[in-house]
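Inside the fold
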Amino acid sequence: MKIYQSLNEFKPSRKTIVTLGTFDGVHLGHNVILDKICNIAKQENLESVLLTFFPHPRLIVSNDSEIKMLNTMAEKAMLLKLKGIQNFIIHPFDKLFSELSPREFVEKVLVKQLNIQKIIIGYDHKFGKNRAADFNDLIAFGKEFGFEVEEIPAKQVDEVAVSSTKIRNSLLEGNISLANDYLGYSYMLSGIVVKGNQLGRTIGFPTANILISENYKLIPKNGVYIVTAIVNNQTIFGMMNIGIKPTLGDNVPTIEVHLLDFSEDIYGQEIQINVIERLRDEQKFESFEALKSQLEIDKTNTLDYFKNLNS
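Residues numbered from 1 in each chain as written. Predicted model: local features only at pLDDT ≥ 70, side-chain atom pairs only at ≥ 80, totals over all residues. Heavy atoms only, no water.

1. Details of empty space enclosed by the protein
Summed over all chains, the structure comprises 1 cavity of 30 Å³ or more. Roughly 490 Å³ of volume is contained in the largest cavity. For the largest cavity, the lining is made up of 32 residues, of which T207, K245, E256, L291 and L295 are closest to its centre. Of all the secondary structure elements, the ones that give two or more residues to the lining of the largest cavity are β10 (234–243), β11 (254–259) and α10 (288–310). Broken down by element, the residue count for the lining of the largest cavity peaks at 4 residues, all from α10. Residues belonging to the lining of the largest cavity are distributed by class as follows: 15 nonpolar, 11 polar and 6 charged. (1 Å grid on protein atoms, 1.4 Å probe; cavity = no way out; pocket = protein on both sides within 12 Å on 5 of 7 lines; lining within 4 Å. Points joined across faces, edges and corners; volume = space filled by probe spheres on them. Helix = DSSP H or I, 4+ residues; strand = E, 2+ residues; numbered from the N terminus. Nonpolar A, V, L, I, M, F, W, Y, C, P; charged D, E, K, R; others polar.)

This is the structure:
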């Protein structure tokens, strides 16, 4: 898969089949569209293109600074590559671009820059300035400019009963199992390992502090989780704490991962954490000894989880 940081970088070698949207989570509901795009591209010798925008249009159009995303762009690219998309275009979304009329968007972007033969969109897709145009408008433009339009029917998408909003809510409630069911994979957190206060090693539970630089990335509810980590192409079992470590009195939100049977120095490395199951809420303990005792229980529960998974 080729990744482009602007529409201007993309030079199609042949006609394209296109879909566009945020595709946040690249979840089971999106697979209906992505599978269709890839299959038609093969059958009709077209280039498959997914066009998305960054930052999220809502940040620009409605100044919604609170929106949190399920994927960083790097995570999204990895997931789309696994689906078989050939071209992933991340176009900068700004005020000027948001002012494009539906006709300008179709003529300048779809026809001239993307060399479109066919477009597939979800049943509720809107486009152009103020999201003024819909599927019926696109049909009319398709007839005028000579491209085909296919809509994924509401019934087909709704049968999956998945939406990015449902996944976000599940993560914020700490229901990681439900979120993962909707996603079709384990929710991931990717970041750089940085030095923390190193108190964990004094009680036998050294942790890797994960710094996630993308402030738009959604972090699940505070608590202790069963995870796996991808480190140097190895999959390592572990447990993760998201929160403020109330026993230590830090009150600074952190993401810390204790990797089981692992002692390599990984400071400065980027690692991927796959969040698998939630063990418990974050708690304040009366002493370090009480905290250590609970961590031993968490470790046993984590190991039992993986044993049962493989049995």
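2. Comments concerning the pattern of salt bridges
Scanning all chains against the criterion turns up 10 salt bridges. Note that E148 is salt-bridged to K118, the shortest N-O span being 3.7 Å. Of this pair, E148 sits in strand β6 (residues 148–152) while K118 sits in strand β5 (residues 116–122); the two residues are 30 residues apart in sequence, bridging distant segments of the chain. In this structure E148 comes out as partly exposed when scored by relative accessible area, which is 36%. You can call K118 buried: its relative accessible area is 8%. The network of salt bridges with common partners includes K36, K118, E148 and E150. (Salt bridge = Lys/Arg side-chain N within 4 Å of Asp/Glu carboxyl O. Buried < 20%, exposed > 50% of the residue type's maximum accessible area, 1.4 Å probe, protein only.)

3. Description of the layout of surface pockets
Looking at the largest pocket, its volume works out to about 1300 Å³. Looking at the lining of the largest pocket, the elements with two or more residues in it are β2 (16–20), α1 (28–44), β3 (47–54), α2 (57–61), α4 (95–98), β5, α7 (154–158) and α8 (164–172). When its residues are assigned to classes, the lining of the largest pocket shows 17 nonpolar, 17 polar and 10 charged. Quantified by volume, the second largest pocket comes out at close to 270 Å³. Forming the boundary of the second largest pocket are 14 residues, of which R201, P206, T207, F262 and E264 lie nearest the centre. For the lining of the second largest pocket, the element with the most residues is β11, which contributes 3 residues.

4. So, the sheet that holds strand β9 (residues 223–231)
With antiparallel pairing, 6 strands are arranged side by side around a closed barrel as β7-β8-β11-β10-β9-β12. Recorded for the sheet is a direction-independent mean angle of 45 degrees between the axes of neighbouring strands. In the sheet, strand β7 (residues 187–194) pairs with strand β12 (residues 270–280) via 6 bridges, with the strands oriented antiparallel. Bridging across to β12, I192 finds its partner in E270. The sheet strands contacting helix α3 (residues 73–83) are β7 and β12, and the helix crosses β7 at an angle near 130 degrees. Packed onto the sheet, α10 meets β9, β10 and β12 and runs at close to 100 degrees relative to β12. (Pairing = 2+ DSSP bridges. Axes fitted to C-alpha atoms, helices over the stretch in contact; angles between N-to-C directions. Contact = heavy atoms within 4.5 Å.)

5. A few points about the sheet that holds β6
Reading across the sheet, the 6 strands line up as β1-β4-β3-β2-β5-β6 and stay open at both edges, with parallel pairing between neighbours. Of all strands in the sheet, those bounded by a partner on one side alone are β1 (2–4) and β6. Pairs of neighbouring strands in the sheet enclose a mean axial angle of 20 degrees, with direction left out of account. Relative to the sheet, α1 contacts β2, β3, β5 and β6, its axis offset from that of β5 by approximately 160 degrees. Across the sheet, helix α6 (residues 135–145) touches β5 and β6, and the angle it forms with β6 is around 160 degrees.

6. With respect to the packing of aromatic side chains
Across all of its chains, the model carries 9 aromatic pairs by this definition. Ring centres 6.3 Å apart and planes at 90 degrees place the aromatic pair F97 and F105 in the edge-to-face group. Between Y305 and F306, the ring centres sit 5.5 Å apart and the planes meet at 85 degrees, which makes this aromatic pair edge-to-face. What makes Y305 partly exposed here is its relative accessible area of 24%. The class of F306 is buried, set by a relative accessible area of 4%. Members of the aromatic cluster, each reached through a chain of ring pairs, are F53, F93, F97, F105 and F127. (Phe/Tyr/Trp six-rings, centres within 6.5 Å; stacked < 30°, edge-to-face > 60°.)

Keep in mind that these numbers describe shape and distance, not what the molecule does.
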